[in-house]
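Okay, here's what each chain looks like letter by letter:
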Amino acid sequence: MHIKGDAIPRPLRFPTCELRFPFQREKLHCMSLHNPAFSKDCWVLSTLDLTPLLHNPFTRETSFYLLPRTRNCRWLAFSAAPTSASCMVISYTQFRATVVIETWRPGETVWTTHSFENQLPFRNSGKCVFSDGMFYCLSTCGYLGVFHPSKEATWNVLPLKKPCPAFDVFDYFNPVFLTEHQGDIFVIYTHSDNSNPTVFKLNSKRNEWQEKKDLGGLTIFTSLPASFVRAGLSTEHRNKIYPSCIDEFEQYGTYYSLGDLKSSDPPPTHRVSRHRLWVEPPPNNNVHL
């Protein structure tokens, strides 16, 4: 599913929807457009000011309003659906030499604040994934910070041989995406000339990033709030990257085929918005590629 905050085109064969939620501020009831911040397991985490909301756009009847955060932390992510016992929401940012992470679980009445000394000039980029019980946060200096939400919550920077090459020449206008699949961490780097993106996969045994020329049959859906990977799609959609960009005609449908270096003839320019994101459907959903 593709979610955005304004007009609703029909990309590919995905359904689209516009998420608007009632929001109460100073006893004034109104319909407010929440900004999507993250998606996982069919759920969307959005926010308005300091108040986050978890919503399932497929069932629509279930929403979780979280407590307002105590700090103006910039980025949000969560580990699993809020209906799961393993759900944890984190809010994280960097204040000078300190990394601040706030955590919340469904049913808790306060956010728990964790402060860690920053081991590197970390510079958060707002890219985070949950994999194998840990949150991986990608910095604009190409390193991964890892938050382990155990009882003695820890924060460490992976001892990589070299930072991710996606940030060798960092350009704000060329988005970098982070995603994971079954324990594997991927970084996708886009190019200003609209050529095929470059994909890097983390080799955790060798502590290094490796460029991938083939996705091994996987399909990647990229958007600024969150990206995800799917396996087992039809042959025509494997080894492809579907960005959440639109062309000058407000149309979707761009893809990049990593295996044969072909594409859908992407437009000369495209826009990637923080208000648009892909949402992974449930396994039994009738939406198929």
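Before reading on, note that the structure itself is shown above.
Okay, so let's go over this structure.

Parameters and conventions
Residues numbered from 1 in each chain as written. Predicted model: local features only at pLDDT ≥ 70, side-chain atom pairs only at ≥ 80, totals over all residues. Heavy atoms only, no water. Helix = DSSP H or I, 4+ residues; strand = E, 2+ residues; numbered from the N terminus. Buried < 20%, exposed > 50% of the residue type's maximum accessible area, 1.4 Å probe, protein only. Areas by Shrake-Rupley, 256 points an atom, 1.4 Å probe, with all protein chains shown as cover. Salt bridge = Lys/Arg side-chain N within 4 Å of Asp/Glu carboxyl O. Phe/Tyr/Trp six-rings, centres within 6.5 Å; stacked < 30°, edge-to-face > 60°. Pairing = 2+ DSSP bridges. Axes fitted to C-alpha atoms, helices over the stretch in contact; angles between N-to-C directions.

1. Focus: the overall build of the protein
And step 1. Secondary structure assignment for the protein yields zero helices and 26 strands.
And step 2. Here the protein, with 289 residues, has 55% of them falling under the buried criterion.
And step 3. Of the roughly 14100 Å² of accessible surface on the protein, 50% is carried by carbon and sulfur atoms.

2. Brief notes about the pattern of salt bridges
When their charged atoms lie close together, side chains carrying opposite charge are able to pair.
And step 1. Considering all chains together, one arrives at five salt bridges under this definition.
And step 2. A salt bridge links Glu180 to Lys40, with the nearest nitrogen and oxygen atoms 4.0 Å apart. On the criterion of sequence distance, the pair formed by Glu180 in strand β17 (residues 176-181) and Lys40 in strand β5 (residues 35-40) is long-range, its members being 140 residues apart.
And step 3. Taking the shortest distance from any N to any O, the salt bridge between Glu208 and Arg206 comes out at 3.2 Å.
And step 4. Owing to a relative accessible area of 17%, Glu208 belongs among the buried residues under this scheme.
And step 5. By relative accessible area, which is 46% here, Arg206 ends up partly exposed.
And step 6. Residues joined by salt bridges that share partners form a network here, namely Lys161, Arg206 and Glu208.

3. Details of the packing of aromatic side chains
And step 1. Summed over all chains, the structure comprises nine aromatic pairs.
And step 2. Centroid distance Phe135 to Phe147: 6.3 Å. Interplanar angle 35°. Geometry classified as tilted. Of this pair, Phe135 sits in strand β14 (residues 134-139) while Phe147 sits in strand β15 (residues 144-148), placing them twelve residues apart in sequence. We note that Phe135, like Phe147, is buried.
And step 3. Here Phe221 and Tyr242 contribute two aromatic rings whose centre-to-centre distance is 5.4 Å and whose plane-to-plane angle is 15°, an arrangement assigned as stacked. Of this pair, Phe221 sits in strand β21 (residues 219-222) while Tyr242 sits in strand β23 (residues 240-243); the two residues are 21 residues apart in sequence, bridging distant segments of the chain.

4. Some points on unusual backbone geometry
And step 1. With phi around 50°, Asp132 is a residue other than glycine that occupies positive phi space.
And step 2. Mapped onto the fold, Asp132 is located in the loop between β13 (124-131) and β14.
And step 3. A relative accessible area of 63% places Asp132 in the exposed class.

5. Topic: the sheet that holds strand β10 (residues 89-95)
And step 1. The sheet built from four strands is open, its strands ordered β9-β10-β11-β12 with antiparallel pairing. Whereas interior strands pair on both sides, the edge strands pair on one side only; in this sheet they are β9 (75-78) and β12 (112-117). With direction set aside, neighbouring strand axes in the sheet form an average angle of 25°.
And step 2. Summarising the sheet, β10 and strand β11 (residues 98-104) pair through seven bridges and their orientation is antiparallel. Looking at β11, one finds that Val89 is bridged to Trp104.

6. Digging into the environment of Leu224
And step 1. Its location among the elements puts Leu224 in the loop between β21 and β22 (228-230).
And step 2. The class for Leu224 is buried, based on a relative accessible area of 13%.
And step 3. Sequence separation between Leu224 and Arg276 is 52 residues; the distance between their C-alpha atoms is 7.6 Å.

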